[in-house]
Amino acid sequence: MSITSKQMAKLACSALSDKKAEDIQVIDISGISVLADYFVIANGSNQNQIEAMRDAVEEALYKAGAQLKQVEGNRSSSWLLMDYGDIIVHVFSKEDRLFYDLERIWGDGRFIDIADLEA
């Protein structure tokens, strides 16, 4: 049994929420990009929280059988990208999130209410 991109996005959101991530957003980019189906974007208030958010997402998706393809950024980065193929998780510091403004760049995507991932 393989996990769907929607299930992966839901698990990532849940893991981020457990670590008190701020402003979790999900963008369905499947209709506008071949990169992935979903972007999951969140920010943390400090380096320790960002690291905890990364660890929580990695653990939750690993337990579900999702394969981490690549990570950009390291333990001291204020921006991390976790590429799971069908979903890409972005974890930012508040400042970097404002700077990179992925929500504007990917504004042609469909913003998904996290509750809709349950369906």
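Residues numbered from 1 in each chain as written. Predicted model: local features only at pLDDT ≥ 70, side-chain atom pairs only at ≥ 80, totals over all residues. Heavy atoms only, no water.

For this particular structure, what's the right way to read the pattern of salt bridges?
Here the idea is simple: oppositely charged side chains can pair when their charged atoms come close. Counted under the stated rule, the structure contains seven salt bridges. Here arginine 110 makes a salt bridge to aspartate 28, at a shortest N to O gap of 2.8 Å. Highlighted residues: arginine 110 in strand 6 (residues 110–112) and aspartate 28 in strand 1 (residues 22–28), separated in sequence by 82 residues. Of the residues examined, arginine 110 reaches a relative accessible area of 54% and is grouped as exposed. By relative accessible area, aspartate 28 is classed as buried at 10%. Glutamate 58 is the partner of arginine 54 in a salt bridge, and the nearest nitrogen-oxygen pair spans 3.0 Å. Here arginine 54 and its partner glutamate 58 are both found in helix 2 (residues 47–63), four residues apart, which amounts to about one turn of the helix. Each of Asp23, Arg97 and Glu103 takes part in a single network of salt bridges with overlapping partners. (Salt bridge = Lys/Arg side-chain N within 4 Å of Asp/Glu carboxyl O. Helix = DSSP H or I, 4+ residues; strand = E, 2+ residues; numbered from the N terminus. Buried < 20%, exposed > 50% of the residue type's maximum accessible area, 1.4 Å probe, protein only.)

Which parts of the structure should I look at to understand the sheet that holds strand 6?
Backbone-to-backbone hydrogen bonds join strands into a sheet, with any given pair of strands oriented parallel or antiparallel. The mixed open sheet is built from six strands, whose spatial order is 3-4-5-2-1-6. Lying at the two open borders of the sheet, with one neighbouring strand each, are strand 3 (70–72) and strand 6. The average angle at which neighbouring strand axes cross in this sheet is 20 degrees, direction not considered. By the bridge criterion, five bridges tie strand 4 (residues 79–83) to strand 5 (residues 87–93) in an arrangement that is antiparallel. Residue pairing across strands places methionine 82 opposite valine 89, the latter belonging to strand 5. In the packing of helix 1 (residues 5–18) onto the sheet, contacts are made with strand 1, strand 2 (38–44) and strand 5, and the angle to strand 2 comes to roughly 5 degrees. The strands touched by helix 2 are strand 2, strand 3, strand 4 and strand 5; relative to strand 5, the strand with the most contacts, the crossing angle is about 165 degrees. (Pairing = 2+ DSSP bridges. Axes fitted to C-alpha atoms, helices over the stretch in contact; angles between N-to-C directions. Contact = heavy atoms within 4.5 Å.)

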